[in-house]
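Residue-level listing of the chains:
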Amino acid sequence: MDRLAHLKSLIGKEFTDSPSPFMRWLKPVVISAEKGHLEFQYTIRPEWLNPIGNLHGGVTAAIIDDVLGATMFSLNEPTFYTTINNVIDYFSIGKEGENIIAETHITKLGKQFINATCEVWNADKTKLIANGTSNLFKTQITR
């Protein structure tokens, strides 16, 4: 199965058939898909908020980790990559009902390790909410 072609076929649609139950819960809409580069849109829901009504940092971190995992699938390799670490910097807030965009790219593609980045923006990309960098490790052949 060509995973990248599948991602491209979902542009403008919710990614309802993701192999990740967590991603299905997040309900991303695929904005763009290229090899090693994805853009997903999310709508901030009430259960994603911290006690003062802003997008919870843990949810932001989870979005970053999850969309970077999907970015690994865009490589069309028969392997699975697991996250070794995430480093996240938070710059701004998001509010309930707002749309946010998570945009990924691969910084370094090695034989065993990948370094990738995800930026989380407001809908018109005028406000950077968070920036995350991850290292991922090739672990096994996928099914």
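- By the naming in an unreviewed UniProt entry, the protein goes by Acyl-coenzyme A thioesterase 13 and is assigned to Epilithonimonas hungarica.
- According to UniProt, the comment filed for the protein under the heading Sequence similarities (unreviewed entry) is "Belongs to the thioesterase PaaI family."

A word on the packing of aromatic side chains
Moving on, step 1. With the rule as written, the count across this model stands at five aromatic pairs.
Moving on, step 2. With centroids separated by 6.1 Å and ring planes inclined at 85 degrees, the aromatic side chains of F15 and F40 adopt a geometry described as edge-to-face. Linking F15 in the loop between α1 (3-9) and α2 (21-26) with F40 in strand β2 (residues 37-43), this pair joins segments that are 25 residues apart in sequence.
Moving on, step 3. F15 sits in the buried class, given a relative accessible area of 7%.
Moving on, step 4. Given a relative accessible area of 0%, F40 falls into the buried group.
Moving on, step 5. Residues F113 and F137 carry aromatic rings whose centres are separated by 5.0 Å and whose planes lie at 45 degrees to one another, so their mutual orientation is tilted. Placement of the pair is F113 in strand β5 (residues 113-122) and F137 in strand β6 (residues 128-141), with a sequence separation of 24 residues.
Moving on, step 6. In this structure an aromatic cluster arises from ring pairing among F22, W25, Y42 and W48.
Moving on, step 7. Positioned above the aromatic ring of W25 is the side chain of R45, whose terminal nitrogen or guanidinium carbon lies 4.7 Å from the ring centre.

The rules we used
Residues numbered from 1 in each chain as written. Predicted model: local features only at pLDDT ≥ 70, side-chain atom pairs only at ≥ 80, totals over all residues. Heavy atoms only, no water. UniProt positions renumbered as here; feature names shortened; annotations may be inferred. Phe/Tyr/Trp six-rings, centres within 6.5 Å; stacked < 30°, edge-to-face > 60°. Helix = DSSP H or I, 4+ residues; strand = E, 2+ residues; numbered from the N terminus. Buried < 20%, exposed > 50% of the residue type's maximum accessible area, 1.4 Å probe, protein only. Lys NZ or Arg CZ within 6 Å of the ring centre and 35° of its normal.

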